[in-house]
Amino acid sequence: MTEKLLEAKNISKSFGKIQALDNVNFHLYKGKIHGLLGENGAGKSSLMNVLSGIYQPEKGSITFKGERQKKLNPELAAKLGIGMVHQEFRLIENFTIKDNLTLSKANIYINDFEDAYKKYSEIFSLSINHDSIISDLSVGEKQKIEIMKLIFNNNSIMLLDEPTAVLTPQETNQLKNSLETLSKEDEKTIVFITHKLKEIKEFTETIFVMKNGQMVAEDLKTESVKDKELITLMMGEISTSVVKKNNKKGSVKLEVENITLNSDIGGFNNLVDVSLNIKSGEILGVAGVSGNGQVELANIIAGIQTNFGGNVTIKGEDVSEKGVKARKKLNLSYIPENRLGVGLAPGVSILDNSVVREYFSASYGPHLSKNKMVNYLNLLIKEFSIKTGEPKAEISTLSGGNMQKLLMGRELISNPEVIIAAQPTRGLDVSAVEALHDLIVNQRNKGSAIMLISEDLDELFKLSDRLIVIYEGRIIKEFDIDDANTNNVGLAMAGVIE
Amino acid sequence: MNKYILSRRTVVNDLATFYSFLIGLFIAVCIGSVILLVQDQNPSNVFSLMLKLSVGSINSLSSSLNKAIPLILAGLGISIMNSVKLWNIGAEGQIFLGAIAVNLIYINTAISNPTLYIIVLLISGFIGGSICILIPAITKVVFGVNEIITTLLTNYIIIGLTIYLVNGPWKDPKSLNFPAAAYVGEEVYLPTVFGRLSTGFFVCVLFTFGAYYLKEKSVFGYEMRIAGGSAMTAVYAGINAKQKAFFAMLIGGGFAGLAGAIELLSQTHRVSIGISQGFGYTAIIVAAITGMRPIGIFLVGCLFGALTIGGAVIQTIGVSSYIADIIQASTLIGALVAQFFFTYQIKEVEDG
C-alpha cells in the first residue's frame, strides 16, 4: 500500500445553498477495494461525480499518478481510465449485451470480444449469451453488464455507486467474489459505495467515511476497525439535549403483530415477524440504517402497502384488511419519508396540498368548498407559522422547512391519536428541526401514540421513550431509553447483538 | 467562464396564459401577413374582410359560433382528461362515434315528443363518445398502455367504421352514390335562434360551465388534480388514482361525442365522412393554447370558429383558406413559446 494512484485534496462543491462537499480529501491505491461509507446525502455520490469529471469542484485539486489534473471532465476521466457505475443504469435497453459493451470508442476488446466476454462472464458468473437484449435481463444481470462495460472500456479505476442496493443477498455475495477477482488478477482499483455496514466490512480493504459533506475518516483498515467506531463516525456524536420524559402513558393505541412482508423483487425490503405496540402519550423510536424495512413497516401501518402477513390494530380495531381512509377515520396520521412525491403532490397548488388529509371535510356532497379550504390553510399557516406565498402557487415554491411544516401541520392539526412520522426532519436546517421537534413533543403530551422512524440518533435519543432497532427487516433489539447509548444502539444497527 | 441555464420562475403571472395567447396571435397575424404579401395581397384588406365576413353580421357571427361548438366541446373533453395528466388525441374519432350513436338510436327508436327525442339523442352521442374511448381507458388503467397512442389509433378505426357504414349498411339509396347515411327527420333538427345560431351553442355554454365546475369546484376535480400531480400522493391520501383516470377519460370522450351529436343534429343532419373536418385535432390546439382552462377554451374556440368561417369566405377573392389554418397553428406555437418564457427564466450562473 505505497503508491497513491489518485489523490483528491480539499474538494468543495455546492449546489445553491447546499454544501455537498466541504474540503474533502480522498485517495486511492492501485488494485485495492476502497469502501466509501455514509448516510444518504452525506456526499458520496457527489464526490464520485467529481472524480469522474461530471461535476467541476469549486475548490481543490485532483492528482492522477502524481500529475495534477486541472480540468477534469468526463472525456479526460475516461482517458485516465476512471469509470463509474451510477445508481440508475445507463445501458441502452433495446441493444444487445455485445452492442452495449462495445459501444464506446474506448473499448479495447472489439477484435477478441468472444474471448474477453467468456473470461469476464465467468468472473461474474453470468450465463447469458451476448446476443441477448438488455431489457430481457434481470436487475442483477444488468448491474453485472454495467460493471463489465467499465472493464471493456479499459477503465482501471471503477467507481461503483451503491451497487448492492438492487441486488438480492445471493447476488451481493457473487458480486463480492467478482470484485475480489478483479482487484487481484486485473489490478483494478475499485471504490465501493454503500451505507450498509455489513457490506463495507465484507467487500473492502480500506474504508473512508463521509458525513454531511465532510470526510470524517480516511483510510481505516477494514480488518482492524470496529463496527461501533464506524457507526459513531457515520452517525456523529450524540448531543445531550433530551426532552423531559415525565409524560404519562395510557392504554395501547397501536398494535402490530407478526408483520411479514415478502419481496423477491429488488426495490423493497423484507419484513420478518415484526411486532410492536405503542401506548397513548408514548414515542417509540425506530432506529436503523436506511433500507432495512422501515419505510415498508410505516407504509403497512398507514395502509399503503398491502399483501402483507400479520395484523395491524388501531385503538382495538383490526384494520389489517382495510384501506387508508379507514385508518384516517380511526385518527391515524402518517408523515411519510418522501416529502414531495408522497406526502405532497408536486405540480399541485399549496392550497390543494394543504387539504390532502381532510379534503372530504371541505365538501358538501360533490361540491368542494374553496372557502373551507382557504380557512383550513390559513389555520395551518397561523398555528404552525408557515411562510407561504399565494395559495395558488405550486407547492415546490415553498422552502423545504415550510413544506415539512405544512405537511406536519396538516397531519397534526386534527389532534391524531396515532402518528407515524418517518424522517420528519431530514435535510432541514436547525431552526426548522427544533420547531418540528416541539410539535412532536406537544403531540405526545396531548396523548398521541407516536412512532418516530429516523436515521438521526440525536433525534431518536432526544424524543423517544423506548427504542427499537430494525435490521434486515427484523426488530433486532429493544431498549428502554435510559439503557440506550450510541454504543449498544449502534452495534444493534450494524446487526451485532451483545 | 459563465454559462446560462433555464430555471423555473417561483412566481408565474396569473394572466400569463392570456398574454401568451395574445403574443401567439400577434405572431400568427405577422406570419399570415408575410404569406399574404408574398401572394401580392394586402394583409389589412384580407384581414378586415375576414373579420367582416366572420363576425360582421348576425348571420356570419352565428355561423362562426356554430363552427365553434365542436371545437369547444372536444376541447373541454381534452382539458378534463388533462386534469389527470392524460392526453386525448382521439377526439376526432369520438366525434364520429358520437354521431354514429345518434344515428343508431334514431333509426331504432321513435319518440313522439321531439324535445325529449333530441335530449335522448344528445345523451346517446355523449355515451357514443365514451364508448369510443373505453378501450384506451381500460388498457391505460389495467396495463398502463400509453393513451396518446391508443386514442390516436382509435381515430383510424372509427373513421374506417364510418366509411364502412355509409358505403354499406347505412348507405342512403337516394344520395346519388354519394357515400352518406339517410338524413334524420326534421323533427330532431336542433332548433335555431337569431336566424342561424344552433341551440346546440347553449348546450355548449352549459357544458363549459359544467366542465369548469367539475375541474375547479368539485371533489372529483380535486381528486383528479392530486392523482395527476403524483400517483403516490393519491395512494397516500386514499384516492383511487386509476378510478379517477378511468372516469376522466370516459367523461372526456363523452364531451367529444356530444360534439358529434350536435354537429349531426344541427349541421350535417346525416352521418357522412364530413361530420368532422378535423375538429378533434383543432380542439387539441384550442385546449393547449388556453392551458386547459374551460372558460379560455370557450373563448378561443369561438375565435377559431370565426377564423374558420373567415378563412372559408376569403377564398372568393382568390386567397387560399389555408391562411386560417396557418394562423391557428402559428398561434399555438407562438403561445406555447411565450408560455415557456413566462414559466422559465434564463439565468446566468458561474460555471464549476
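Our subject is the structure that appears above.
In this text the structure is predicted, and so the values were computed from the model without any measurement. (Residues numbered from 1 in each chain as written. Chains lettered and ligands numbered in written order. Predicted model: local features only at pLDDT ≥ 70, side-chain atom pairs only at ≥ 80, totals over all residues. Heavy atoms only, no water.)

(A) A look at the interface of chain B and chain A. Contact with chain B, which involves 21 residues of that partner, is made by 34 residues of chain A. Linking chain B with chain A are 1 salt bridge. For Asp352 of chain A, the salt bridge goes to Arg225 of chain B, with nearest N and O atoms at 2.4 Å. Counting every contact that joins chain B to chain A gives 15 residue pairs in polar contact (both at pLDDT 80 or more). Elements that contribute at least two residues to the side of chain B that touches chain A include exactly helix H8 (200–217), helix H9 (219–229) and helix H10 (231–237) of chain B. Considering only residue class, the side of chain B that touches chain A consists of 9 nonpolar, 7 polar and 5 charged. (Contact = heavy atoms within 4.5 Å. Salt bridge = Lys/Arg side-chain N within 4 Å of Asp/Glu carboxyl O. Polar contact = N/O pair within 3.5 Å; in protein donor to acceptor, adjacent residues only side chain to side chain. Helix = DSSP H or I, 4+ residues; strand = E, 2+ residues; numbered from the N terminus. Nonpolar A, V, L, I, M, F, W, Y, C, P; charged D, E, K, R; others polar.)

(B) Looking closely at the packing of aromatic side chains. All names here are of chain A. Across all of its chains, the model carries 21 aromatic pairs over all chains by this definition. Here Phe26 and Phe208 contribute two aromatic rings whose centre-to-centre distance is 4.7 Å and whose plane-to-plane angle is 70°, an arrangement assigned as edge-to-face. Here Phe26, found in strand E2 (residues 18–29), pairs with Phe208, found in strand E9 (residues 206–211); they are 182 residues apart in sequence, far enough to count as distant. The class for Phe26 is buried, based on a relative accessible area of 0%. Given a relative accessible area of 0%, Phe208 falls into the buried group. (Phe/Tyr/Trp six-rings, centres within 6.5 Å; stacked < 30°, edge-to-face > 60°. Buried < 20%, exposed > 50% of the residue type's maximum accessible area, 1.4 Å probe, protein only.)

(C) Looking closely at the pairing of strand E13 (residues 282–287) of chain A. Residue and element names in this part refer to chain A. In terms of burial, E13 is a largely internal element, 6 of the 6 residues being buried. Where burial is concerned, the two faces of E13 agree: the one with Glu282, Leu284 and Val286 and the one with Ile283, Gly285 and Ala287 are both buried. In this structure, E13 lies alongside strand E20 (residues 449–453), joined through 5 bridges in parallel fashion. Across the sheet, Val286 pairs through a bridge with Ile453, a residue of E20. Sheet topology places E13 next to strand E21 (residues 466–471); 4 bridges connect them, and they run parallel. Residue pairing across strands places Gly285 opposite Leu467, the latter belonging to E21. (Pairing = 2+ DSSP bridges.)

(D) Molecular detail of the sheet that holds strand E4 (residues 59–64) of chain A. Residue and element names in this part refer to chain A. Pairing in this open sheet of 4 strands is antiparallel, and the strands run E2-E1-E4-E5 from one edge to the other. Both outer strands of the open sheet, E2 and strand E5 (67–68), are each paired with one neighbouring strand and no more. In terms of strand pairing, strand E1 (residues 4–15) meets E4 through 5 bridges, oriented antiparallel. Considered in E4, the bridge of Glu7 is made with Thr63. Taken strand by strand, helix H1 (residues 44–51) contacts E1, E2 and E4, and its axis lies near 60° from that of E2. (Axes fitted to C-alpha atoms, helices over the stretch in contact; angles between N-to-C directions.)

(E) Layout of the packing of helix H1 (residues 16–38) of chain B against helix H14 (residues 322–343) of chain B. All names here are of chain B. At a minimum axis separation of 6 Å, H1 and H14 run at an interaxial angle of 140°. For the element pair H1 / H14, the angle class is oblique. The handedness of the crossing between H1 and H14 comes out as right-handed. Looking at the contact of H1 with H14, its residues break down into 16 nonpolar, 8 polar and no charged. (Parallel < 35°, antiparallel > 145°, perpendicular 65-115°, else oblique. Left-handed = near helix turned anticlockwise from the far one by under 90°.)

(F) Region of the structure containing the sheet that holds strand E12 (residues 271–279) of chain A. Residues and elements named next belong to chain A. The 4 strands are arranged E12-E11-E14-E15 in an open sheet whose pairing can be described as antiparallel. Only two strands of the sheet have a single partner each, and these edge strands are E12 and strand E15 (317–318). With 5 bridges connecting them, strand E11 (residues 252–261) and strand E14 (residues 309–314) associate as antiparallel partners. Counterpart to Val256 in the pairing with E14 is Val312.

(G) Examining the pattern of salt bridges more closely. Residue and element names in this part refer to chain A. Taken as a whole, this structure holds 20 salt bridges over all chains when the rule is applied. A salt bridge links Glu205 to Lys32; its shortest N-O distance comes to 3.2 Å. Of the two residues, Glu205 sits in the loop between helix H7 (197–203) and E9 while Lys32 sits in the loop between E2 and strand E3 (33–37), which places them 173 residues apart along the sequence. In this structure, the salt-bridge partner of Lys253 is Glu417, at a minimum N-O distance of 2.8 Å. One end of the pair, Lys253, is in strand E11; the other, Glu417, is in the loop between helix H13 (400–412) and strand E19 (418–422), with 164 residues separating them in the sequence. One continuous salt-bridge network, built from bridges that share partners, spans Arg357, Glu358, Arg410 and Glu411.

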